[in-house]
Protein chains: 6
Amino acid sequence: MTIIGQPLKNIPWEEKPENCNEPMWRYSKNPIIPKNAIPSSNSIFNSAVVPYEDGFAGVFRCDTKARLMNINAGFSKDGLNWQIEHHPIEFKQAPGHDFIHSDYKYDPRVVQLDDKYYIQWCNGYHGPTIGMGYTEDFKEYYQMENAFMPYNRNGVLFPRKIDGMYMMLSRPSDNGHTPFGDIWLSKSPDLKYWGEHRFVMGTASFEESAWQCTKIGAGPAPIETSEGWLLFYHGVLHSCNGFVYAMGVALLDIHDPSIIIARSKPYLLTPEKDYECVGDVHNVIFPCAALSDAETGRIVVYYGGADTVVGCAFCKVDELIPWLFENNL
Amino acid sequence: MTIIGQPLKNIPWEEKPENCNEPMWRYSKNPIIPKNAIPSSNSIFNSAVVPYEDGFAGVFRCDTKARLMNINAGFSKDGLNWQIEHHPIEFKQAPGHDFIHSDYKYDPRVVQLDDKYYIQWCNGYHGPTIGMGYTEDFKEYYQMENAFMPYNRNGVLFPRKIDGMYMMLSRPSDNGHTPFGDIWLSKSPDLKYWGEHRFVMGTASFEESAWQCTKIGAGPAPIETSEGWLLFYHGVLHSCNGFVYAMGVALLDIHDPSIIIARSKPYLLTPEKDYECVGDVHNVIFPCAALSDAETGRIVVYYGGADTVVGCAFCKVDELIPWLFENNL
Amino acid sequence: MTIIGQPLKNIPWEEKPENCNEPMWRYSKNPIIPKNAIPSSNSIFNSAVVPYEDGFAGVFRCDTKARLMNINAGFSKDGLNWQIEHHPIEFKQAPGHDFIHSDYKYDPRVVQLDDKYYIQWCNGYHGPTIGMGYTEDFKEYYQMENAFMPYNRNGVLFPRKIDGMYMMLSRPSDNGHTPFGDIWLSKSPDLKYWGEHRFVMGTASFEESAWQCTKIGAGPAPIETSEGWLLFYHGVLHSCNGFVYAMGVALLDIHDPSIIIARSKPYLLTPEKDYECVGDVHNVIFPCAALSDAETGRIVVYYGGADTVVGCAFCKVDELIPWLFENNL
Amino acid sequence: MTIIGQPLKNIPWEEKPENCNEPMWRYSKNPIIPKNAIPSSNSIFNSAVVPYEDGFAGVFRCDTKARLMNINAGFSKDGLNWQIEHHPIEFKQAPGHDFIHSDYKYDPRVVQLDDKYYIQWCNGYHGPTIGMGYTEDFKEYYQMENAFMPYNRNGVLFPRKIDGMYMMLSRPSDNGHTPFGDIWLSKSPDLKYWGEHRFVMGTASFEESAWQCTKIGAGPAPIETSEGWLLFYHGVLHSCNGFVYAMGVALLDIHDPSIIIARSKPYLLTPEKDYECVGDVHNVIFPCAALSDAETGRIVVYYGGADTVVGCAFCKVDELIPWLFENNL
Amino acid sequence: MTIIGQPLKNIPWEEKPENCNEPMWRYSKNPIIPKNAIPSSNSIFNSAVVPYEDGFAGVFRCDTKARLMNINAGFSKDGLNWQIEHHPIEFKQAPGHDFIHSDYKYDPRVVQLDDKYYIQWCNGYHGPTIGMGYTEDFKEYYQMENAFMPYNRNGVLFPRKIDGMYMMLSRPSDNGHTPFGDIWLSKSPDLKYWGEHRFVMGTASFEESAWQCTKIGAGPAPIETSEGWLLFYHGVLHSCNGFVYAMGVALLDIHDPSIIIARSKPYLLTPEKDYECVGDVHNVIFPCAALSDAETGRIVVYYGGADTVVGCAFCKVDELIPWLFENNL
Amino acid sequence: MTIIGQPLKNIPWEEKPENCNEPMWRYSKNPIIPKNAIPSSNSIFNSAVVPYEDGFAGVFRCDTKARLMNINAGFSKDGLNWQIEHHPIEFKQAPGHDFIHSDYKYDPRVVQLDDKYYIQWCNGYHGPTIGMGYTEDFKEYYQMENAFMPYNRNGVLFPRKIDGMYMMLSRPSDNGHTPFGDIWLSKSPDLKYWGEHRFVMGTASFEESAWQCTKIGAGPAPIETSEGWLLFYHGVLHSCNGFVYAMGVALLDIHDPSIIIARSKPYLLTPEKDYECVGDVHNVIFPCAALSDAETGRIVVYYGGADTVVGCAFCKVDELIPWLFENNL
């Protein structure tokens, strides 16, 4: 049970605490990014990172003190201490794509594919939908056509083509605090026109796995492993006092990711730390990015806490996947 | 102000009543299709017709006595008296497309394009979205991939490509009795992958044009005219006792149909006849099809009445378009 | 396929119209009871009748012009022309039962069991629940304890004990216009204490049988037949403009009525006549009573129309049950 | 029991039908104003009339075919046949009052007081509130300040000052299809500044008088009688398929109209005619105006039917008031 | 003012802090049971304890990391330090009762009655209702018929029969996060069939006692005292950010517990500690069990905190009851 | 940029922390009033203070342990340490005003005007509206007529007449947890009759300034400055887990305060401290009072935290107003 990909020697890491019996554990110095890391920020959360040059680059959801949502670039040597730019990314029009305005941008994901770093985010264009762009150097950014019509959120591109097609997960939504939501897969020959939409996985029933019974959504870009695509995702339970966002994991077929091989019945992490339970939106763990080291099987997942800060958590692929099979829904 | 297209000498027609000052008038023998036109039907409404051979063919929404929704073919010599098949259309898998199941099919549109009659409908695949299929002879039918993910309704294909691209209108929705809805335009090189989604026109404000202030949706396939694409559409007002569906008309730019040239501030027809006011859903006029005669400028619009029956109404292009410019929102 | 019970030579009857292919047909002179049949009434509907002496007696839901809900007795020679008493039934305290107040009474059912005519209704006691009473002569009436706590509606007693136990169908509800509802079975040794509650049948899915996808509720007291208990019931579809109430039929196991033998996928009757589509609540057919003649297999079902009037419809058991098996959900 | 006021010899009148036992009866030729009485109208309803010169004048709610709401003047010789102006009233700024814009105007009331005809209506100024204006000749109209802030509807001015103060009834509301509503009384020294707001009467409980259990609102200007102010009002019941609007009557203390002397437990009229049950909003009777003849005690009430047309109904004060006392809530 | 019952020398106890003027005070080492007391648990709360042998036994709501709800047994020497079993209780079919499935079990209560320990819980059988079972030794458990149909919660059995009848409190509910709820009393001759349902006490008005204005529910089994049955209960206020659950106390008539002798206008405890304000459901104090010592009048109440942990609080009967009479609603 | 008014040498003050770049900073010893500052209190928050004699007086919202809402007087030497009276203010009837009952009183504001201290609060009189009273000595209090009908909240009187008229801000509301709300201005010649109501400022769009996109309401009495009236106000964002209340600032025209000169796009303070994020209502900062020193330009704002406690924050007018112009919406 191995990760298929590159080694990442400088992956952030902390060993599992002795008394921990769970497959995933939090970084002891969470949150790694506080709400006011830049002067204009009300909160920084639900953000994406990738290896870049000899360190790491990232795209961060930085809500301003007007509570407006935008995405800023950031850089780090160690993946834990970050310098986030004070101004949002400015996109140019991508060649072959018309300009699409953005009322807002939030919940970015980033993935390296071919020679580009592709960014997907929730883009405000007459409602929330999946915005797309890319950069080659984290200096110049190009915005492409939206992948879909509203209402959609949590668009997540695969890190490589499958059978010659680009693949993207997303979650059809409505125009409010959507009380439903399933994960879908779409294909594209060119990242511009999309089709062959397939239902991948829906909410679980209240009697089967209640933490994911209201809605679910893909998190980081899937990680290729010997057993299939490893997908961290969020699930939501609707209590009498609001939504609770927790994190789970699934394994998708390597050739046809619309096929679920396994899906965790228990969550991996649920809000229990102060920075997860108290903030602009209480009780939220929202994974948006992951780094993995194919050599050691180490994985670090970055997640938003309480819609306010960024934290991270660790696991190892050879421990996680057996756990997933044992705890398959 | 003329229709661009073929003559249709046998277009159903009835002259405007003398005392009528409106641009559109109902057929005096409405409804033309009663709710029980076939033994299994609870209701027949929101249906589509096209010229076919020396008469007309159509695809009809026939809800069964279990209130299940499906679409049946039908044929007519005069466009007013119809023989509707007792069993729903059975689709084969279209070449180059995978099989997509349908929990239900409703609100079909039909348009001739190239050498095929393309059918679009609301297709139940983990929620309502735009199903597509075609026939060349109204005997063999082929189902294609859904155009979009849920939740979407009122998919309407243009009768020809524009700049080499297929064009489709649709209305993003939610998974219930959607209380919002705007008209969008999408493009496809191949009727399989879709992109370049553009907002076309939204609801009007309550203070501007209240009959279309809750949601709107495209009706028949747009009719090409010398002034632009003529689009009949429905608009909805949410009264304290439910939705009221009325019909209006718009004119879209001939080269870029995401540009609105004109849009009617008043409705063309609103429910006032018994068969429009009383039925399975009270107060509904829902246009799904139109026939036009380029020679005379005559147009007949087919619409569902009270989600129960089919009626039709008449207008002339050289009277309608000036009225539209005078009554532009 | 026969009715097990008494002959009822004077059962109201009208032969099936020639052009009718359905198993149930309406009385041609519907509605049989107009909304203003007594001076105080706003509407008379959802009412119950039984054979009594050489004619028929009944308990009628008579809403007053203050729109208050109560139940009045009525009498008829032929089951079609009714004299309804101008004042509501006054109940005395049944021996062995404490007095229970009633904020309102509505939707009565009546069934002869042992030597009494038992009445069940929706009783307002800190919310709607199942009220019970009896009469032996339709002159003196005795009110018993409520069968259940709120919130419950559509309590329907079986016409005989099964295995020594009284049996009652009911529908747990909420305190408003309940948007859900399944049929349950409860047992009692003494008509005072109830238990062994069993889920009998729930709503159908939207994709299976949409007319009964929102809620269902038992109608008349079940009719004993050679094939099982014949149960007419109502089902509700929630359209964008409100509920539509239609009538279906099921067959329950003769020994254990919590077991469904068959259940109609299509409805038997849906609102389509003026007196069903237009009234205080549009689009309602609500069955509350049935008479049957074991000799001929004739059945007449009484139902409320549009929450305003009473109509009736006919069927024959030897035609209905085969239809039910053919149209089993 | 007499009306205090002027004789009105030409009051519209029709004797009570022989078989009618109710205190109010409909005009046999209702509706008196059809929905399309003027070319631009979608519907004409909820309108107000007063004696004027040797006939009658009125202010009519005329919704356009864009479903926009405005008020038009009209004139009649007999109070039954009306000529309605094709264009809405244009108001000038009243002296001493600033100009207030109106997004819409609806549900007018008119009352003669001092030497002016005062019009009150629901005025759209950042939400619905009570607009006011006056005319002396039904040619020149002057708009005053709104009486209150939003959200308010059904403002009804008394026909004379009481203790030197102007008095107005109104109903605080919300910004939608308000599901609650009570009648309030406010005072003003000058028709510009208002205070001393008093709760007058609220909804009845479901168990007392269900037709008025959701909301109530004043109808025509109160009529002065020997027993107090006679107030026709509407009450609303919320059925599972929407609101039902019916009409009742109350008697307010002549010196302090915040005191209720009597209030009808039953309604006077409830929707039962086609033009009341079917229209743009089904099941609505909405009284907005009344004429009375002090000599004979005759009263005619004008009301909107189904939010589509105008009807009227008759009663006599010496029959109505005793009925009210007998049927006091 | 004394407790009627057994002495309980080893009742957990801590004296009232000096600066406390309230009748109830928290244990200084709360929470006594953390959320992760057993490996599988997401949270442990809303649980029940009884004296057992020389220590205590209990039934604990242990939600798993899949957020599934079940009940586990646990044991303690001192009532404060608990060993909770890692696996849920497995019930056998009770003699004379059919097997009833449970989609879930939560919010248990336990009471010793005759020679058995009866457990009541919220049982998922086509919706939440009152499940029942018993044990004699906390090793073998027997499940009985559900007491009622759904939708019901907070079933609480009295610790002895009254007039030969078993008595149970419960709260009729709906199938969601019920926004209403009153306490009812039901009787049974045999714990299998239930009837004679009586309304006991409802929500208070917002103006009288707002902490209990949305819904209320019985907590621990009532404690017999010289003044009546002492009932701790929860009340809910619906703030703009969700429900707040607090604890109050009432005194019920010793012979007819449907009669309220006194009911606290203020709460006893409201969420103010971290473990009550922050957790899976913020702002919850939910009492489910109490121990009492007849000798000293000491009472300890066990309650769930924030739907996450278990805490306890202390009071003395001879201080509490006078406080209750002084603070009677 | 100066404050126009009196010096207030003993204004509470604390210098801005060195690392703070914001125009407003919290008091380091917040909260200044704990939830249980008086024996009966559940919480003390949303309260008003004024300079009085050689110290300060105030009117405090003190919710009781029955969660009933009332207002108590309090006194302080330094504006930070307060003695709050244990019993609510008892009002006498103001001369010239009738007695108005109060179901509850909350969210007081106090302003000195002429020779009186006027108190405005949310008064429960058949729904929430603006109650008014005054005192000259904080010993005798007089209650006046309510300013408006329900439903209204956040009434805030200006500290002087403008053009001879009293001026009041308020926010029309509905009868629940109002999900909308704009600030209005009303005028009165006598503090009894009000009119000339003007819309002042509404919610911002989600795309412009999301923290104030759901509703807004005036806070302390406006402070007169050389640039206009300085108004602190609250704005609300509706997250998926409830409302978040933050504080902003606006500048209104000195002669016509219905004209907005500037309005902050970012908030000044948003909940981030424990006493703002956790309490009876999580995530609330609600300003109700301010003190200002014309000599130094110092301002201290008092605000409720989490509907539980009182905190305060500081700013300087010559720093705040430039910030406001730079951050104008």
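Residues numbered from 1 in each chain as written. Chains lettered and ligands numbered in written order. Predicted model: local features only at pLDDT ≥ 70, side-chain atom pairs only at ≥ 80, totals over all residues. Heavy atoms only, no water.

To continue, consider the relation of the copies chain A and chain E. Least-squares fitting of chain A to chain E yields an RMSD of 0.0 Å, with the superposition described by an axial translation of 0.0 Å and a rotation of 120 degrees. In the structure described here, the two chain copies are related by an operation that fits a three-fold rotation axis. Looking at chain A, a mere 13% of its interface residues are interface residues in chain E too, so the copies touch through different faces. (Least-squares fit on C-alpha atoms with pLDDT ≥ 70 in both. Contact = heavy atoms within 4.5 Å.)

Going through the model one piece at a time under the given rule, you end up with 100 salt bridges over all chains. Across the salt bridge formed by Glu-22 of chain E and Lys-65 of chain F, the nearest N and O atoms sit 3.9 Å from each other. Of this pair, Glu-22 of chain E sits in the segment before β1 (25–26) while Lys-65 of chain F sits in the loop between β3 (55–64) and β4 (69–76), placing the two residues on different chains. Residue Glu-22 of chain E is classed as partly exposed on the basis of its relative accessible area, which comes to 24%. One salt bridge connects Lys-116 of chain F with Glu-136 of chain F, and the closest N-O pair in it is separated by 3.8 Å. With a gap of 20 residues between them, Lys-116 of chain F in strand β8 (residues 116–124) and Glu-136 of chain F in the loop between β9 (128–135) and β10 (141–143) connect regions that are remote in the sequence. (Salt bridge = Lys/Arg side-chain N within 4 Å of Asp/Glu carboxyl O. Helix = DSSP H or I, 4+ residues; strand = E, 2+ residues; numbered from the N terminus. Buried < 20%, exposed > 50% of the residue type's maximum accessible area, 1.4 Å probe, protein only.)

Size of an interface: often given as the accessible area lost when the parts come together. Counting residues at the interface gives 32 residues for chain A, matched by 32 residues for chain B. At the junction of chain A and chain B, the tally comes to four salt bridges. Between Asp-98 of chain A and Arg-198 of chain B there is a salt bridge, with the nearest N and O atoms lying 3.6 Å from each other. When contributions to the side of chain A that touches chain B are tallied by element, the ones reaching two or more residues are β12 (166–172), β13 (183–188) and β14 (195–201) of chain A. Tallying contributions element by element places β14 of chain A first for the side of chain A that touches chain B, with five residues. Here the residues of the side of chain A that touches chain B sort into 15 nonpolar, nine polar and eight charged. (Nonpolar A, V, L, I, M, F, W, Y, C, P; charged D, E, K, R; others polar.)

Counting from both sides, the interface comprises 23 residues of chain A and, opposite them, 20 residues of chain E. Area buried by chain A at its contact with chain E is led by Cys-240, Asn-241 and Tyr-267 of chain A, which between them contribute 31% of it. Viewed at the interface, chain E and chain A are joined by two salt bridges. Across the contact surface, chain A and chain E share eight residue pairs in polar contact (both at pLDDT 80 or more). At three residues, strand β17 (residues 228–239) of chain A tops the list of elements feeding residues into the side of chain A that touches chain E. (Buried area = accessible area lost by both parts, 1.4 Å probe. Polar contact = N/O pair within 3.5 Å; in protein donor to acceptor, adjacent residues only side chain to side chain.)

Moving on, we come to the relation of the copies chain A and chain B. Note on the copies: chain A fits chain B at an RMSD of 0.0 Å, the axial shift is 0.0 Å, and the rotation between them is 180 degrees. Taken together, the rotation and translation relating the two chain copies correspond to the operation of a two-fold axis.

Right, let's talk about the pairing of strand β15 (residues 215–218) of chain D for a bit. All names here are of chain D. Where burial is concerned, the two faces of β15 agree: the one with Lys-215 and Gly-217 and the one with Ile-216 and Ala-218 are both buried. Strand direction decides the pairing type here: β15 and strand β17 (residues 228–239), joined by four bridges, are antiparallel. When the sheet's bridge partners are listed, Ala-218 is paired in β17 with Tyr-233. (Pairing = 2+ DSSP bridges.)

Below, the discussion takes up helix α2 (residues 317–326) of chain C. Residue and element names in this part refer to chain C. Those residues of α2 not exposed but buried are Val-317, Leu-320, Ile-321, Trp-323 and Leu-324. One side of α2 carries all its buried residues, which in axial view fall inside an arc of 160 degrees. Where α2 is buried, its residues meet β16 (223–225), β17 (228–239), β18 (242–252), β19 (260–263), β21 (298–305) and β22 (309–316). (Arc of directions from axis to C-beta.)

In this section: unusual backbone geometry. A cis amide bond links Asn-30 of chain B to the next residue, Pro-31 of chain B, at an omega of -10 degrees. Structurally, Pro-31 of chain B is set in the loop between β1 (25–26) and β2 (41–52). Each neighbour pair has its own omega, and for Pro-150 of chain E with Tyr-151 of chain E the value is 5 degrees, a cis peptide bond. Within the secondary structure, Tyr-151 of chain E is located in the loop between β10 (141–143) and β11 (152–157). Even without a glycine there, the phi angle at Leu-191 of chain A is positive, about 65 degrees. Looking at Leu-191 of chain A, the relative accessible area reads 2%, which means it is buried. Phi is positive for Asn-283 of chain E, close to 65 degrees, though the residue is something other than glycine. Here Asn-283 of chain E lies in the loop between α1 (274–277) and β20 (285–293). Residue classification places Asn-283 of chain E among the buried positions, given a relative accessible area of 5%.

Per-residue confidence for chain A gives a mean pLDDT of 97; residues scoring 70 or more make up 100%. Taken over the whole predicted complex, pTM reads 0.97, whereas the ipTM for its chain interfaces reads 0.96. (pLDDT = per-residue confidence, 0-100.)

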